[in-house]
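What the coordinates show
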Amino acid sequence: LIKPPRLLRQVSVRRYSTRAHESVVAVTSMDYLEGKLLCATNTHFVLQISMDDMEITDHRVPYHRSVLTVLNFHSGEARNSYNPGGVGEASRQPWALTGVCAFPGDQSEFICTCGDDCTLRIWNTNIRNLHRLENGRIAVADMGIPGVCCDVSSDGRLVAVGHRGGQFTVWDASTMLCVLEHARSNRFVTVIKFSPDCRYLLVGSREASLVLYDVRYNYKKVAENSSVHSSVILSADFSLDMKHLRSADGDGNLIYLSLPELKSSKLSAFDLRDQTWFTHDCVFGWDKQGIWNFGQSLPDVNAVAVYPHKMILATAEAQGMIRLFRYPSVSKNAVHRAYSGHSSGVQGIQFTKDGRYLCSVGSYDVCLFQWKVVDPDAMLGHREPVLGMRAD
């Protein structure tokens, strides 16, 4: 007679998920090697379980000492779409990874991401894994609501996140604790930016509005402009001297505003041609005229990033391609290199501040790609720039 199996050891993995998950945590695949059991879950965790450290008796300890988190990434399961107004029925749609930003200065090895799985994460590009805080915890914050865009202050202390329901939150980068939750309105936030001096926070929405907040006075509203743009705000840049702001919208308009009033600037693009900008995230501009190839339209380019030494211009496309141009790119159908890897449209792209890597997020494929810049000095000659990809 065949004896029925007898339970010898057990470990629970049900807590390895975020609040955004609707499904029960389940192990989807596993492998065994030298006393270690490697498991992958449907919540995008990769766990290493030590067979020797597992308990002999039945138990349901949430986080057992035998379980080690090898990888914890953004999740991409289908869920009910976020419907803050409560109007109509929520539809099922896949999660997306949309927000990416780079840390400044001596923290240049870190990047930050946010997405529809309601988590904010800080990654270390040197180890190609999640950063660990001083207290030993991995740098993951469960926000409770989906994140769309994010930005890091120039001193590297704060991370601001824009959300679908119109809220924005601010997080302490050293502890991953929320220091502010601002219920602004029901406007879908598409752009969030700290000013170079960390004094102001700019919030742009899908309803074509721009709002400026004063960080020093508990994020008090300073100015708002809802009339200059005719479509969704795509990107924005502060000038280094904090006198001007430029913003781009979905209709292809590039608007220059004065700070801090957010009023239309009396100066033209020609007058500001020598202006130094703190970032170069605006998709449109004289220096980006050549990034649209033959047959492409404005929505085909989702985001751009400029190399720290201003030799390379990278673009993220809705078709899933990443293209590399010389900067500035002003000629029509400019010579470039194209790179593939993402299985959906590339939503965000950022160079690390030290220029070693280019990081891209792939929207519905929920992937973060880390590309290595192989030869940035090639731009000084007549050779084309080269990227090398690390399959992280």
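In what follows, the accompanying structure is described.

The rules behind each value
Note on numbering: residues in each chain are counted from 1, in written sequence order. For a predicted model such as this one, the threshold for reporting local features is a pLDDT of at least 70, and the threshold for listing and counting side-chain atom pairs is 80 or more; totals across whole chains, interfaces and linings nevertheless cover every residue. The side-chain numbers reported here are obtained from all heavy atoms of the structure, hydrogens and water having been left aside. Whether two strands pair comes down to DSSP finding at least two bridges between them. Comment: elements are numbered from the N terminus, with helices defined as DSSP H or I runs of at least four residues and strands as E runs of at least two. Axes here refer to lines fitted to C-alpha atoms; in helices the fit is confined to the stretch in contact. Angles between the N-to-C directions go from 0 to 180 degrees. Remark: nonpolar core denotes a set of buried residues (Ala, Val, Leu, Ile, Met, Phe, Trp, Tyr, Cys) joined through side-chain atoms within 4.5 Å. Exposed residues in this analysis have more than 50% of their type's maximum accessible area, buried residues have under 20%, and partly exposed residues fall in between, with area computed by a 1.4 Å probe over protein chains only. Contacts are residue-level and defined by heavy atoms, with any inter-residue pair within 4.5 Å sufficient. The rule is short: rings of Phe, Tyr and Trp, with Trp giving its six-membered ring, pair when the centres are within 6.5 Å, and they are stacked under 30 degrees, edge-to-face over 60, tilted in between. Cation placement over rings: the criterion is NZ of Lys or CZ of Arg within 6 Å of the ring centroid and within 35° of the ring normal. Polar contacts here mean pairs of N or O atoms no more than 3.5 Å apart (in protein, one a potential hydrogen donor and the other a potential acceptor; neighbouring residues in sequence count only if both atoms are side-chain atoms). We define a salt bridge as a side-chain nitrogen of Lys or Arg found within 4 Å of a carboxyl oxygen belonging to Asp or Glu.

Pairing is antiparallel across the open sheet formed by four strands, whose spatial order is 12-13-14-15. Each edge of the sheet is formed by a strand with only one pairing partner; in this case those strands are strand 12 (147-152) and strand 15 (177-182). The mean inter-strand angle of the sheet, taken between neighbouring strand axes irrespective of direction, is 20°. Bridge count for strand 12 against strand 13 (residues 158-163) is five bridges, and the pairing is antiparallel. Paired with G147 across the strands is H163, a residue of strand 13.

With that settled, the discussion passes to the nonpolar core. Of all hydrophobic cores here, the largest spans 18 residues; its most connected members are F103, C112, L120, I122, V159, V161 and M176. Counting only elements with at least two residues in this core, the list comes to strand 8 (110-115), strand 9 (119-124), strand 12 and strand 13. Among the elements that make up this core, the one with the highest residue count is strand 8 (three residues). Setting aside anything within four residues of it in sequence, one finds L120 in contact with C112, T113, C114, A139, V140, A141, M143, V159, V161, W171 and M176.

This paragraph deals with the pairing of strand 8. Across the six residues that make up strand 8, a large majority, six, are buried. Because side chains alternate across strand 8, one face comprises the buried residues F110, C112 and C114, and the other comprises I111, T113 and G115, equally buried. Here five bridges tie strand 7 (residues 97-102) to strand 8, and the two strands are oriented antiparallel to one another. In the sheet register, L97 faces strand 8, and the bridge partner there is G115. Sheet analysis places strand 8 next to strand 9, joined by five bridges and oriented antiparallel. Residue pairing across strands places F110 opposite N124, the latter belonging to strand 9. A loop of three residues connects strand 8 with strand 9, the two strands running antiparallel in sequence, and C118 in this loop sits at a positive phi of about 70°.

The subject of this paragraph is the packing of aromatic side chains. Counting across every chain of the model gives eight aromatic pairs. With 6.1 Å between their ring centres and 80° between their planes, F103 and F110 make a pair best called edge-to-face. Neither F103 nor F110 differs from the other in exposure class; each is buried. With 6.1 Å between their ring centres and 45° between their planes, Y256 and W277 make a pair best called tilted. On the criterion of sequence distance, the pair formed by Y256 in strand 22 (residues 254-258) and W277 in the loop between strand 23 (263-264) and strand 24 (301-306) is long-range, its members being 21 residues apart. Over the ring of F188 we find R206; its NZ or CZ atom is 3.8 Å from the centre of that ring. Geometry around F270 places R273 over its ring, the cationic atom sitting 3.9 Å from the centre.

This next bit is on the side chain of H74. Within the secondary structure, H74 is located in the loop between strand 4 (67-72) and strand 5 (78-80). Classification of H74 by relative accessible area gives buried; the value is 1%. Among the polar contacts made by the side chain of H74, one reaches the side chain of T113 at a distance of 2.8 Å. At 3.1 Å, the side chain of H74 and the side chain of D117 are in polar contact. Discounting chain neighbours no more than four positions away, the residues touching H74 are H44, L97, T113, C114, G115, D117, T119, R121, W123 and V366.

This part is about unusual backbone geometry. Note the cis peptide between L259 and P260, where omega equals 0°. With respect to the helices and strands, the residue P260 is situated in the loop between strand 22 and strand 23. Residue P328 follows Y327 across a cis peptide bond; omega there is -5°. Mapped onto the elements, P328 comes out in the loop between strand 26 (322-326) and strand 27 (336-339).

For Y256, a relative accessible area of 16% translates into the label buried. For Y256 and L245, which are eleven residues apart along the polypeptide, the C-alpha to C-alpha distance reads 5.7 Å. Not counting chain neighbours up to four residues away, the residues in contact with Y256 comprise L245, R246, K263, S264, S265, A269, L272 and W277.

Okay, the pattern of salt bridges next. Enumeration over the complete set of coordinates arrives at nine salt bridges. Two residues, R246 and D237, come together in a salt bridge whose shortest N-O distance is 3.0 Å. Take R246: its relative accessible area is 5%, and that puts it in the buried class. By relative accessible area, which is 0% here, D237 ends up buried. The partner of D287 in a salt bridge is K288, with the nearest N and O atoms 3.4 Å apart. The burial state of D287 is the same as that of K288; both residues are buried.

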